[in-house]
Amino acid sequence: LSIAVHYKTVCNNNLLSSDDSSDEGDASGDTEMDFLRSLFSRTLGLSPGEKVLDELTLDGVARYILSGKCKNIICMVGAGISTSAGIPDFRSPGTGLYANLQKYNLPYPEAIFQIDYFKKHPEPFFALARELYPGQFKPTVCHYFMRMLKDKGLLTRCYSQNIDTLERVAGLEGEDLIEAHGTFHTSHCVSFLCRKEYSMDWMQTKIFSEDIPKCDSCGSLVKPDIVFFGENLPARFFTSMKMDFPRCDLLIIMGTSLQVQPFASLVSRVSNSCPRLLINMEKTGQSEFGMGLFSFGGAMDFDSDKAYRDVAHLSTCDDGCMALAELLGWKEELEQMVKREHALIDSKDAKKKDKEASQNSKSTGAEAGKSDKTE
C-alpha cells in the first residue's frame, strides 16, 4: 500500500495538475487506476494476454506486420533517436547533455529545464538553445522509418519526448504527432495575464542575436513551448492517449530510458495482448521483485518464463530500424528516402545561404555608397 501511495505521489508531482486543467487531473486518476489494475492482474496472473507474435524476436515482429493483422502502430520515442543527427541525449555518461553543462554554472544539471530557475536565470537555457536549435540538424534513419510507417498507412501516432522538431522535418505532421514535452514550433509569454504567442522565426531571431526574448506587450520573458520541470504536459497528450492506446496493435519504443513520468507509463496503456518492441541500446522499463514490480515504466518483460509479447532489439535506433526495414522488404525504399530527403534539405540550406550572402552583399554595397556620398 505504501508503494502504491508513493506511486500516486510521483504521478501527481509530475502531472502537476492545476485547478483549471481537468484533462490532466482526469488522466492522473486514469493512469493510477490503469497502473494498479495492470499490477494486480500481472502479479496474480488473473488476465494473461493472448500471444500474438509467433516468436519474440525482430523477425517475429516483422512477420506480424506483414501478416496484415497489424494496422495501428504507435511509436514512443526519446532523445536516443536523434543522437546520430548530432544532438546529445540527456543521461548517457560522459556524452549526455546533463554531463556537459558545467560551463553554465548551474546549481544542478536539471536546473536548466526548471521553470522557476528559468524565470530568474534565463541565460543558460537560451545559450544552450543556440547550440541545439532546430534547423541545424537532419532527421535520422529512425525518423524516416516512422515517416514510412505513416506513408504505408500503419502509423496511428508518434508520441515523442523530443523538442528538436525532427519528426516534423522528416514529414510527420501535427496530426501524426504528440509532442509530449512540447516544441520549439511556437513560443508564449510566461505571464499568465498575457500569454502572447510568438512564431518560431521570431524566437530564432532573438536567440541567435543573443537577446533574451522579452514580450512586446508586457515585457515578461518569452519561452519556447517546451515543457519544463514544474509545468503541465500539453492537454492533447492526455486526450489523445485515451483514444490511441486501447486500439494500438503494435507499440514500438525507441531511444528512451522510460524514466520520465507520465510519458513512461504509456507503455502500460496498450491491451495485454499488444506486442511491444523496444529498440534501444539497453533494456529498460523491466519489472523486478520489490520496487521493480511497481516500476513506473510499465513492467516490460523480455526475459522471464512468462514473457509473451515484449521484444528487445539492442542496437542504435537507426540500425534497429534499418534491420526491421530489411526484414519487411523496405530497406532499399528507406535508404532512397533518406538520401532523397537529405539532398532536399542540403539544397534548401544552400539556397538560403546564397540568399543571405546576396542580401549581405547588397547591404554592404549600400553602406559603401552612403560612405562615398558622405565623403
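Predicted model, so just to flag it, every value in this text is computed and none were measured.

Definitions and limits used
Residues numbered from 1 in each chain as written. Predicted model: local features only at pLDDT ≥ 70, side-chain atom pairs only at ≥ 80, totals over all residues. Heavy atoms only, no water. Helix = DSSP H or I, 4+ residues; strand = E, 2+ residues; numbered from the N terminus. Buried < 20%, exposed > 50% of the residue type's maximum accessible area, 1.4 Å probe, protein only. Contact = heavy atoms within 4.5 Å. Areas by Shrake-Rupley, 256 points an atom, 1.4 Å probe, with all protein chains shown as cover. Core = buried A, V, L, I, M, F, W, Y, C linked by side-chain atoms within 4.5 Å. UniProt positions renumbered as here; feature names shortened; annotations may be inferred. Pairing = 2+ DSSP bridges. Axes fitted to C-alpha atoms, helices over the stretch in contact; angles between N-to-C directions. Polar contact = N/O pair within 3.5 Å; in protein donor to acceptor, adjacent residues only side chain to side chain. Nonpolar A, V, L, I, M, F, W, Y, C, P; charged D, E, K, R; others polar.

## Describing the overall build of the chain
Now for step 1: Helix and strand counts for the chain stand at eleven helices and nine strands.
Now for step 2: Buried residues in the chain amount to 46% of all 375 residues.
Now for step 3: Put simply, of all contacts in the chain between residues at least 6 apart along the chain, 70% involve residues at least 24 apart.
Now for step 4: Carbon and sulfur atoms make up 51% of the accessible area of the chain, which amounts to about 18600 Å² in all.

## Notes on unusual backbone geometry
Now for step 1: The peptide bond linking Gln-261 to Pro-262 adopts the cis configuration, its omega dihedral lying at 5 degrees.
Now for step 2: Tracing the backbone shows Pro-262 in the loop between strand S7 (250-254) and strand S8 (276-280).
Now for step 3: The phi angle at Glu-210 is positive, at roughly 60 degrees, despite the residue not being glycine.
Now for step 4: On the secondary structure map, Glu-210 appears in the loop between helix H8 (200-208) and strand S6 (222-226).

## Remarks on the nonpolar core
Now for step 1: Counting residues in each nonpolar core, the largest one holds 41 residues, and the members touching the most others are Ile-73, Cys-75, Phe-145, Leu-149, Met-254 and Leu-334.
Now for step 2: Ranked by the residues each element gives to this core, the list is headed by helix H6 (residues 141-151), at seven residues.
Now for step 3: Discounting residues that sit within four places of it in the chain, Leu-334 has contacts with Val-141, Tyr-144, Phe-145, Met-148, Cys-321, Met-322 and Ala-325.
Now for step 4: By size, the runner-up hydrophobic cluster in this structure holds 26 residues, among which are Leu-106, Ile-115, Val-190 and Ile-226.

## Quick look at the UniProt feature "binding site: Zn(2+)" (unreviewed entry) in the chain
Now for step 1: If you check UniProt for "binding site: Zn(2+)" (unreviewed entry), the listed places come out as Cys-189, Cys-194, Cys-215 and Cys-218 in our numbering. In three dimensions, the annotated residues from a span of 30 residues occupy one location, with a maximal C-alpha spread of 8.9 Å.
Now for step 2: Turning to its location among the elements, Cys-215 is positioned in the loop between H8 and S6.
Now for step 3: Dropping the residues within four chain positions of it, Cys-215 is found in contact with Cys-189, Cys-194, Lys-196, Tyr-198, Ser-220 and Val-222.
Now for step 4: Within the secondary structure, Cys-218 sits in the loop between H8 and S6.
Now for step 5: For Cys-218, a relative accessible area of 39% translates into the label partly exposed.

## Let's talk about the pairing of strand S2 (residues 155-160)
Now for step 1: Here S2 lies mainly inside the structure; six of its six residues are buried.
Now for step 2: Relative to S2, strand S1 (residues 73-77) runs parallel, the two sharing five bridges. Residue pairing for S2: Val-77 is matched across the bridge by Ser-160.
Now for step 3: The pairing of S2 with strand S3 (residues 177-179) spans three bridges and is parallel. Paired with Ser-160 across the two strands is Glu-179, which belongs to S3.

## A closer look at the sheet that holds strand S4 (residues 182-189)
Now for step 1: Spatially, the three strands line up as an open sheet ordered S5-S4-S6, and their pairing is antiparallel. The sheet is open, and its two borders are formed by strand S5 (197-199) and S6, each paired with just one other strand. Recorded for the sheet is a direction-independent mean angle of 40 degrees between the axes of neighbouring strands.
Now for step 2: As defined by bridge partners, S4 adjoins S6 across four bridges and the pair is classed as antiparallel. Bridging across to S6, Gly-182 finds its partner in Ile-226.
Now for step 3: Packing of helix H5 (residues 123-132) onto the sheet brings it into contact with S4 and S6, and relative to S6 it is tilted by some 60 degrees.

## Thoughts on the side chain of Lys-223
Now for step 1: For Lys-223, the position within the fold is in strand S6.
Now for step 2: In this structure the side chain of Lys-223 is engaged in a polar contact, spanning 2.6 Å, whose partner is the backbone oxygen of Ile-226.
Now for step 3: Discounting chain neighbours no more than four positions away, the residues touching Lys-223 are Ile-115, Phe-118, Ser-187, His-188, Val-190, Met-203, Phe-228 and Glu-231.

## Some remarks on the environment of Ile-253
Now for step 1: Tracing the chain through its elements places Ile-253 in strand S7.
Now for step 2: For the pair Ile-253 and Cys-75, spaced 178 residues apart in sequence, the C-alpha to C-alpha distance is 5.8 Å.
Now for step 3: With sequence-adjacent residues up to four places away left out, Ile-253 is seen in contact with Met-76, Leu-258, Val-267, Leu-277, Leu-278, Ile-279 and Met-300.

## A short note on the packing of H6 against helix H10 (residues 317-328)
Now for step 1: Axis separation between H6 and H10 bottoms out at 8 Å; the angle between their running directions is 40 degrees. Of H10, the residues touching H6 (which contributes Val-141, Cys-142 and Phe-145) are Cys-317, Asp-318, Cys-321, Met-322, Leu-324, Ala-325 and Leu-328.
Now for step 2: Looking at side-chain class alone, the contact of H6 with H10 contains nine nonpolar, no polar and one charged residues.

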